[in-house]
Amino acid sequence: MNNKPVEFTVKFPVEQKVDKALKDKIQSIASSVIKKNKFNPEQIKINVINVLSETQDFKSQIDDLGGQIGLKLIENNYKAFAIEPNALSEKEAKIHIKLPVENLDENTKLKIQKIATDVIQEHHFDLSKFTIDVQGYLEGQTY
């Protein structure tokens with residue numbers, strides 16, 4: 001991870017009560033993941049909030065979907081990546097996923113696309129409305 005602070009937001013539907021116990025549990029899980037991966041805990045902030053999932057517009061849903069894809073990539077031991085979810089219209093979206101070029105071969109690219117596809121389908125989106133673009137980037141390159 002670079003030296004820039006990272007902020008994660010965990011969102012729950014408004015129907016689910018987000019109380020102190022739930023926030024503490026999420027913080028505990030996040031702390032153990034941060035420690036396990038030897039990240040600097042001072043550079044990572046976790047927010048737990050309620051969202052109106054039923055009334056979210058498509059762009060917000062796609063932004064949240066990008067976060068879900070990121071979580072799945074972390075679960076699959078991908079540590080360095082960037083995700084840029086873009087709603088192209090009210091029904092179509094493009095998901096850019098960038099990994100360091102030294103970690104990106106055709107096999108990895110296919111695995112990343114499969115993870116993204118699985119997440120999109122798990123959330124009941126029409127896969128035909130999505131373009132998934134997996135690219136490499138050089139260290140220090142801005143995206």
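Fair warning: this is a prediction, and the values are worked out from it, not measured in the lab.

The rules behind the values
- Within any chain, residue numbers begin from 1 and follow the written order of that chain's sequence.
- pLDDT decides what is reported in this predicted model: residues at 70 or higher carry local features, side-chain atom pairs at 80 or more are listed and counted, and totals for whole chains, interfaces and linings draw on all residues regardless.
- Side-chain numbers here rest on the full set of heavy atoms in the structure, without hydrogens or water.
- For two strands to pair, DSSP has to find at least two bridges joining them.
- Helix and strand definitions follow DSSP, with helices as H or I runs of at least four residues and strands as E runs of at least two, each counted in order from the N terminus.
- Axis definition: a line fitted to C-alpha atoms, over the contacting stretch in the case of helices. Angles run 0 to 180 degrees between N-to-C directions.
- In this analysis, two residues are considered to be in contact whenever any of their non-hydrogen atoms come within 4.5 Å of each other.
- Nonpolar side chains (Val, Leu, Ile, Met, Phe, Trp, Tyr) are joined into patches within 5 Å and like charges within 9 Å, using only residues with over 30% relative accessible area and no salt bridge.
- Accessible surface is estimated by sampling points in the Shrake-Rupley manner with a 1.4 Å probe; for residues, cover comes only from the protein chains shown.
- Salt bridges are identified by distance alone: a Lys or Arg side-chain nitrogen within 4 Å of an Asp or Glu carboxyl oxygen.
- Each residue is assigned to one of three classes by its accessible area relative to the maximum for its type, calculated with a 1.4 Å probe on protein chains only: buried under 20%, partly exposed between the two thresholds, exposed over 50%.
- Between the first and last residue of a helix there are one fewer steps than residues, each counted as 1.5 Å, and that sum is the expected span.
- When we speak of the arc, we mean the arc of directions from the helix axis to the C-beta atoms.

(A) Layout of the sheet that holds strand 3 (residues 82-87). Spatial ordering of the open sheet is given by 3-4-5, a layout of three strands whose pairing is mixed. Lying at the two open borders of the sheet, with one neighbouring strand each, are strand 3 and strand 5 (130-137). Neighbour to neighbour, the strand axes of the sheet diverge by 15 degrees on average, direction disregarded. The pairing of strand 3 with strand 4 (residues 93-100) spans six bridges and is antiparallel. The residue of strand 4 that forms the bridge with I83 is I97. Sitting on the sheet, helix 2 (residues 58-75) touches strand 3, strand 4 and strand 5, and the angle it makes with strand 3 is about 155 degrees.

(B) Highlighting a nonpolar patch on the surface. There is a patch of nonpolar side chains on the surface, built from F8, L71 and I74 and spanning about 240 Å² of accessible area. Considering the arrangement of structural elements, one finds I74 in helix 2. Taking the relative accessible area as the measure of exposure, I74 reaches 37% and is therefore partly exposed.

(C) How the structure looks around helix 1 (residues 20-36). Taking 1.5 Å of rise per residue, 17 residues should cover 24 Å, and helix 1 covers 24 Å from first to last C-alpha, within 8% of that figure. Along helix 1, the residues classified as buried are L22, I26, A30 and I34. The buried residues of helix 1 occupy an angular sector of 105 degrees when the element is viewed end-on, so they sit on one face. What points out from helix 1, more than 90 degrees from its buried face, is the exposed set K20, A21, K25, K35 and K36.

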